[in-house]
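Residues per chain are reported as follows:
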Protein chains: 2
Amino acid sequence: MVPPSPNVVRQRGQVSADERAEVLGQRGAVVWLTGFSGAGKSTIAFAVERALIDGGFMAFVLDGDNVRHGLCADLGFSAVDRDENVRRVGEVAGLMSEAGVIVIASFISPFREGRRKARLAAAPGRFFEVFLDTPLSICEQRDPKGLYEKARAGQIADFTGISSPYEPPLDPELVLASGTLALEACVEQVVDMLSDAGVLKAGR
Amino acid sequence: MVPPSPNVVRQRGQVSADERAEVLGQRGAVVWLTGFSGAGKSTIAFAVERALIDGGFMAFVLDGDNVRHGLCADLGFSAVDRDENVRRVGEVAGLMSEAGVIVIASFISPFREGRRKARLAAAPGRFFEVFLDTPLSICEQRDPKGLYEKARAGQIADFTGISSPYEPPLDPELVLASGTLALEACVEQVVDMLSDAGVLKAGR
């Protein structure tokens, strides 16, 4: 009978990122989609997830729907709470990518500082900022959730693009003209980016 | 040129838990290790992670080290903050298990209510509470981090087992007599539990 001792762990060695990549056939990564409401973030996020899963990879979409009801259920929509929301999501995305998952984070995340922190929460070279460069006019025209209409009517405060600024990425890993580019082409560009970066080793 | 539309996603269908299991050869799950400081949580957590990775499965340890510096860096050690720490970890474990990861959470998590919430954050049947049933006297004798000595000296407030209660699980999925059982036997019992529950489909 050998009682567990903390030393045992160190002798056995913890699992390295390389070992994980070997077992999984992929490297964990964070694909961070940023852009206006209506730019196509969720659509592209779920289509990329679908393409990766179909290719035998492990991908997961983090979006408002699955964090606002749980991890960030205590947060509202004030500037401070929105910053904290992005901060937590960045940390979770970092943890999940450390575990080996290809995380696709879909958040307006309007401020450079918030996105910078999210990048820092992931391992170096494993964070891919993807700017959905769709003009505000197109997003507002689409208005899939009717939010722009409410924002213009003053029913939503601090709405990005209307009553709150959006700071475009200065040096994103990828820019998608998601206002005019077909969904399939957007997905292909994201997958190619991941492939080129060595994230996708070989489908299982 | 077909601009992305939210409808496209619904037509394509999001990835189901069954599809993930098929691709991954495992079902996501949360193994929640609870018990006194010094009961062997971290040791067992990392040894289980090692065993699962060696078997071709995707496992990841969530512990104080990787959340206290990031996701929960804003939290202290007051009762309220410790509850919030456990709450966030429970939510993150739930998300990671939804992605398909076998999460091994290693937290004292002394209160039933906190563990109940963590269970609710995971899908039904995918949460495994593992009680490390090591007598306090053994934990204090081990005192690997010298914390009991400090707690006895009054240098740490609200220390579980000394100046703050521990509520043992009433109906855990597994009880490990980690005070006397060999580490290898502890790991085997956890892995067998996961195997019996259908979490481990087939090593890749």
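Everything below is about the structure shown above.
Right, let's walk through the structure included here. Note that the coordinates shown come from a computational prediction; the quantities given were computed from them, not determined experimentally.

Analysis parameters
- Residues numbered from 1 in each chain as written.
- Chains lettered and ligands numbered in written order.
- Predicted model: local features only at pLDDT ≥ 70, side-chain atom pairs only at ≥ 80, totals over all residues.
- Heavy atoms only, no water.
- Least-squares fit on C-alpha atoms with pLDDT ≥ 70 in both.
- Phe/Tyr/Trp six-rings, centres within 6.5 Å; stacked < 30°, edge-to-face > 60°.
- Helix = DSSP H or I, 4+ residues; strand = E, 2+ residues; numbered from the N terminus.
- Buried < 20%, exposed > 50% of the residue type's maximum accessible area, 1.4 Å probe, protein only.
- Lys NZ or Arg CZ within 6 Å of the ring centre and 35° of its normal.
- 1 Å grid on protein atoms, 1.4 Å probe; cavity = no way out; pocket = protein on both sides within 12 Å on 5 of 7 lines; lining within 4 Å.
- Points joined across faces, edges and corners; volume = space filled by probe spheres on them.
- Nonpolar A, V, L, I, M, F, W, Y, C, P; charged D, E, K, R; others polar.
- Contact = heavy atoms within 4.5 Å.
- Salt bridge = Lys/Arg side-chain N within 4 Å of Asp/Glu carboxyl O.
- Polar contact = N/O pair within 3.5 Å; in protein donor to acceptor, adjacent residues only side chain to side chain.
- Pairing = 2+ DSSP bridges.
- Axes fitted to C-alpha atoms, helices over the stretch in contact; angles between N-to-C directions.

A word on the relation of the copies chain A and chain B. Relating the two copies of this chain is a rotation about some axis coupled with a shift parallel to it. Mapping chain A onto chain B calls for a screw motion: a turn of 180° about the axis and a shift of 0.0 Å along it, with 0.0 Å RMSD after fitting. On the angle and the small slide along the axis, the relation comes out as a two-fold axis.

This paragraph deals with the packing of aromatic side chains. This structure, assessed with the given rule, holds ten aromatic pairs over all chains. Ring centres of Y148(B) and F159(B) lie 5.0 Å apart, and the angle between their planes is 80°; this geometry places the pair in the edge-to-face category. With Y148(B) in helix 8 (residues 147-152) and F159(B) in the loop between helix 8 and strand 5 (174-176), this residue pair connects regions lying eleven residues apart in the sequence. Residue class for F159(B) comes out buried when judged on its relative accessible area of 8%. Among the aromatic residues, those joined into a cluster by ring pairs are W32(A), F107(A) and F127(A). The ring of F77(A) has R68(A) lying over it, and the distance from NZ or CZ to the ring centre is 4.0 Å.

Here we take up empty space enclosed by the protein. Residue and element names in this part refer to chain B. Taken as a whole, this structure holds two cavities of 30 Å³ or more when the rule is applied. The space that makes up the largest cavity amounts to roughly 40 Å³. In terms of lining, the largest cavity is formed by V86, R87, G90, E91, G114, K117, A118 and A121. Only helix 5 (79-99) and helix 6 (112-121) provide two or more residues apiece to the lining of the largest cavity. A class-by-class count of the residues in the lining of the largest cavity yields three nonpolar, two polar and three charged.

This part is about the interface of chain A and chain B. With 55 residues of chain A at the contact, the number on the chain B side is 55 residues. On inspection of chain A and its partner chain B, the count reaches six salt bridges. Close ionic contact of R87(B) with D74(A) constitutes a salt bridge, the shortest N to O distance being 3.1 Å. Linking chain A to chain B there are 14 residue pairs in polar contact (both at pLDDT 80 or more). Those elements giving two or more residues to the side of chain A that touches chain B turn out to be helix 1 (6-12), helix 2 (17-24), helix 3 (41-54), strand 2 (59-63), helix 4 (64-68), helix 5 (79-99) and helix 9 (183-196) of chain A. Here the side of chain A that touches chain B is composed, by residue class, of 29 nonpolar, twelve polar and 14 charged.

For the rest of this paragraph, the subject is the sheet that holds strand 3 (residues 102-106) of chain B. Residue and element names in this part refer to chain B. The sheet built from five strands is open, its strands ordered 2-3-1-4-5 with parallel pairing. This sheet does not close on itself; its edge strands, each paired only once, are strand 2 (59-63) and strand 5. Here the average twist between neighbouring strands, direction ignored, is 20°. Pairing of strand 4 (residues 127-132) with strand 5 involves three bridges; the strand directions are parallel. Bridge pairing links L132 to L176 in strand 5.

Along any regular strand the residues' side chains alternate between the sheet's two faces. All names here are of chain A. Among the six residues that make up strand 1 (residues 29-34), six are buried, leaving the element largely enclosed by the rest of the structure. Of the two faces of strand 1, the one lined by A29, V31 and L33 and the one lined by V30, W32 and T34 are each fully buried. In terms of strand pairing, strand 1 meets strand 4 (residues 127-132) through five bridges, oriented parallel. Looking at the pairing, V30 lines up with F127 of strand 4.

All right, on to unusual backbone geometry then. If you check the backbone angles, S109(A) has positive phi at about 35° while not being a glycine. Position of S109(A) among the secondary structure elements: in the loop between strand 3 (102-106) and helix 6 (112-121).

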